[in-house]
Amino acid sequence: MPELPEVEVTRRGIAPHLEGRRIEAVVVREGRLRWPVPEALARCLPGQAVTAVRRRAKYLQLDTAAGTLWIHLGMSGSLRILTRTAPPGRHDHVDLVCGGVTLRYNDPRRFGAWLWQAAGTPPPLPGGADHGLGLEPFDPAFTGAHFHAATRTRSAPVKQVLLAGDVVVGVGNIYASEALFRAGIHPARAARRIGQARYERLAGAIRDVLAQAIDQGGSTLRDFVDSRGEPGYFQQSHQVYGRTGQPCVRCGTPIRQLRQGQRSTWYCPRCQR
DNA sequence: CACGACTCCTGCTGGC
DNA sequence: TGCCAGCAGGAGTCGT
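In every chain, residue numbers begin from 1 and rise along the written sequence. Lettering for chains starts from A, numbering for ligands starts from 1, and both go in the order in which the items are written. Whole-chain, interface and lining totals are the exception, using all residues; otherwise, since this is a predicted model, local features are given only for residues with pLDDT of at least 70 and side-chain atom pairs are given and counted only at 80 or more. Side-chain calculation: all heavy atoms of the structure are included, whereas hydrogens and water are not.

S.K.: Sorry, what's going on with the sheet that holds strand β3 (residues 59-63) here?
M.R.: Adjacent strands of a sheet form backbone hydrogen bonds with each other and so pair up, either parallel or antiparallel. Paired strands, as defined in this entry, are two strands with at least two bridges between them according to DSSP. Strands here are runs of E lasting at least two residues and helices are runs of H or I lasting at least four, both read from the DSSP assignment and numbered beginning at the N terminus. Spatial strand order, β2-β3-β4-β8: four strands in an open sheet with antiparallel pairing. Of all the strands in the sheet, the pair left with one neighbour each is β2 (52-56) and β8 (113-118). Between one strand axis and the next, the sheet turns through 25 degrees on average, direction left out of account. Relative to strand β4 (residues 67-72), β3 is paired through five bridges, and the arrangement is antiparallel. Each residue of the ladder has a partner; that of Leu 62, found in β4, is Leu 69. Residue contacts follow a heavy-atom distance rule, with two residues in contact if any of their heavy atoms lie within 4.5 Å. In this description, a line fitted to the C-alpha atoms serves as the axis of each element, helices being fitted only across the stretch in contact, and the angle between N-to-C directions of two axes falls anywhere from 0 to 180 degrees. Helix α1 (residues 4-18) rests against β2 and β3 of the sheet, and its axis sits at about 170 degrees to β2.

S.K.: Would you explain the protein's contact with DNA strand C in this entry?
M.R.: Working definition: residue near molecule or strand if any one of its non-hydrogen atoms lies within 4 Å of it. Close contacts around DNA strand C come from 19 residues, with His 72, Met 75, Arg 109, Tyr 241 and Arg 259 the closest. At the protein interface, 58% of the atoms of DNA strand C within 4 Å belong to sugar or phosphate. At 2.7 Å, a side-chain N or O of Arg 34 approaches a sugar or linking oxygen of DNA strand C. Looking at the surface near DNA strand C residue by residue, the class counts come to eight nonpolar, five polar and six charged. In protein, a polar contact means a hydrogen-donor-capable atom and an acceptor-capable atom, both N or O and within 3.5 Å, with residues adjacent in sequence counting only if both atoms are side-chain atoms; elsewhere, any N or O pair within 3.5 Å suffices. All residues other than Ala, Val, Leu, Ile, Met, Phe, Trp, Tyr, Cys, Pro, Asp, Glu, Lys and Arg, Gly among them, are scored as polar; the first ten of these are nonpolar and the last four charged.

S.K.: So what exactly am I meant to see when it comes to the nonpolar core here?
M.R.: Within soluble globular proteins, side chains that are nonpolar tend to cluster in buried spots. Among the nonpolar cores identified, the biggest contains 28 residues, and Leu 18, Leu 79, Leu 96 and Trp 114 are the most heavily contacted of them. Residue contributions to this core peak at four residues, all from α1. Not counting the four nearest positions on each side in its chain, Leu 18 is found in contact with Val 50, Val 53, Leu 62, Ile 81, Cys 98 and Leu 103. Throughout, nonpolar core names a set of buried Ala, Val, Leu, Ile, Met, Phe, Trp, Tyr and Cys residues whose side chains join them through atoms within 4.5 Å. For every residue, the accessible area obtained with a 1.4 Å probe (protein chains only) is divided by the maximum for its type, and the residue is called buried under 20%, exposed over 50%, and partly exposed between those limits. Counting 25 residues, the second largest nonpolar core, distinct from the first, contains Val 161, Ile 174, Tyr 175 and Ala 176.

S.K.: I'm lost on the protein's contact with DNA strand B in this one. Help?
M.R.: As a matter of local geometry, DNA strand B sits amid 13 residues, with His 91, Pro 108, Arg 154, Ser 155 and Ala 156 nearest to it. A share of 64% is what sugar and phosphate atoms reach among the atoms of DNA strand B within 4 Å of the protein. At a separation of 2.8 Å, a phosphate oxygen of DNA strand B approaches a polar backbone atom of Ala 156. Split by residue class, the surface near DNA strand B holds four nonpolar, five polar and four charged.

S.K.: Would you mind showing me how to read the domain arrangement of chain A here?
M.R.: How big an interface is tends to be expressed through the accessible area that disappears when the partners come together. Residue ranges assigned to the domains are those given by an automatic or database domain assignment. Looking at chain A, the domain boundaries give domain 1 (4-117) and domain 2 (144-267). With centres defined by C-alpha atoms, the gap from domain 1 to domain 2 works out at 28 Å.

S.K.: Hey, could you run me through the side chain of Asp 95 in this one?
M.R.: The residue Asp 95 is located in strand β6 (residues 92-98) in this model. For Asp 95, a relative accessible area of 6% translates into the label buried. Of note is the side chain of Asp 95, whose polar atom sits 3.0 Å from the side chain of Arg 29. A polar atom in the side chain of Asp 95 sits 2.9 Å from the side chain of Arg 104.

Structural data, given as structure tokens:
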């Protein structure tokens, strides 16, 4: 499921096919995504050239002179580039025809979103201009000092704060567990009760685990065109995620699972404090 | 402000 | 074998 690495790998896969090309059509077969796909897309995008394909948090942004198309993959969304027309399959909800290729959006659970930001208007997200998103994990400003300062009032478990996305973005359920394991921090520890040095390690662990996943996704997603978009990083060895009862890779203690906010977390009770 | 429960939806798994 | 409950995932929204 798309966490930041899959979104970034998708961005790298589609950007070369779209940047500098002109959008010919937007075909919406099923507009009932998380929010209705705006009719403005079919009205405003045709004729526009894609000037850049960017990413902010887990949103993809396709820039044009008229505005920016924001795409979120939700939990089951995927994008692929078709070089020749193929009949749409089940859950193929939206096509963007551009420069002779088709960007096709598939999303079985329809938790994703296609949103429109007209030039000069705020992002189409709640909260407007900054919409409460935290720092990018690869932003140089994302340091242990920042992490520490941003969590002084946070009594919630650190795992929950990671997922909330208002301190740092892009860390989903899988990589929250993985990063906390690498940093030796217990997922249930109150965020405000973690010191700056340990946040330094956590920030590094987040960058490492995401970068590794991007690399692995990139290596198997090279054939993005006409591929099924299978994310390669799923095959990476998770050290704790989904490993209930199996030995910790570091100390051999059985990995434990707990529920936090209706979500599973995995951790080593000995290595993580 | 901060927190946590709830919600959207479909497909897969596991237990009986 | 078939049925169905439960779970998975991201993140906005709402009540406290």
